[in-house]
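Summary of the model geometry
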Amino acid sequence: MLNTLLLPLMFSMAGGTYVYLCVPDRRAQGLLTLTLFQLVGAVGYVTQPTLELLTLLSLHASVVLVMLVRHLQAPVPVTPGGGERSQNR
């Protein structure tokens, strides 16, 4: 199972880090994708538990957790013009 999940989880960490750092308007979708990769890895661990897979999943979970916490602590950008309301009266 480790051979099956190693490349997808490593790719998701690299791709997720790229999306998080370089495409800030797509961070929420990137974090959702990383969380779904974590769930797929957890299912793989349930079917065949090994120490190496647990280590890989722990590394992946820590990367996702750090990015998610930093995303939730970031201030929400204010849209110019007051949002959806128009100020023409």
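Check the entry above for the structure.
Summary of the structure given here. (Residues numbered from 1 in each chain as written. Predicted model: local features only at pLDDT ≥ 70, side-chain atom pairs only at ≥ 80, totals over all residues. Heavy atoms only, no water.)

**Re the overall build of the protein chain**
Summing up its helical and strand segments, the protein chain has three helices and zero strands in all. When the helices and strands of the protein chain are placed in sequence order, the string is α-α-α. The contacts of the protein chain with a sequence gap of at least 6 include a subset with a gap of at least 24, amounting to 69%. Working note: accessible area of the protein chain is about 6,800 Å², and carbon and sulfur atoms make up 67% of it. (Helix = DSSP H or I, 4+ residues; strand = E, 2+ residues; numbered from the N terminus. Contact = heavy atoms within 4.5 Å. Areas by Shrake-Rupley, 256 points an atom, 1.4 Å probe, with all protein chains shown as cover.)

**So, a nonpolar patch on the surface**
Together, L32, L36 and L39 make up a nonpolar patch on the protein surface, roughly 300 Å² of accessible area in all. Position of L39 relative to the elements: it lies in helix α2 (residues 27-47). (Patch = residues over 30% accessible without salt bridge, like charges linked within 9 Å, V, L, I, M, F, W, Y side chains within 5 Å. Salt bridge = Lys/Arg side-chain N within 4 Å of Asp/Glu carboxyl O.)

**Some thoughts on the packing of α2 against helix α3 (residues 51-73)**
When two helices pack together, their arrangement is given by the angle between the helix axes and the distance between those axes. Where α2 contacts α3, the two axes come as close as 10 Å, and the packing angle between them is 160°. It follows that α2 is roughly antiparallel to α3 by the angle criterion. Crossing of α2 against α3: the hand is left-handed. In contact with R27, A28, L31, L34, T35, F37, Q38, G41, A42, G44 and Y45 of α2, α3 contributes L53, L54, L57, H60, A61, V64, M67, L68 and H71. Grouping the amino acids of the contact of α2 with α3 by side-chain chemistry returns 13 nonpolar, six polar and one charged. (Axes fitted to C-alpha atoms, helices over the stretch in contact; angles between N-to-C directions. Parallel < 35°, antiparallel > 145°, perpendicular 65-115°, else oblique. Left-handed = near helix turned anticlockwise from the far one by under 90°. Nonpolar A, V, L, I, M, F, W, Y, C, P; charged D, E, K, R; others polar.)

**Considering the packing of aromatic side chains**
Scanning the entire structure with this criterion turns up zero aromatic pairs. The ring of Y20 has R27 lying over it, and the distance from NZ or CZ to the ring centre is 4.3 Å. (Phe/Tyr/Trp six-rings, centres within 6.5 Å; stacked < 30°, edge-to-face > 60°. Lys NZ or Arg CZ within 6 Å of the ring centre and 35° of its normal.)

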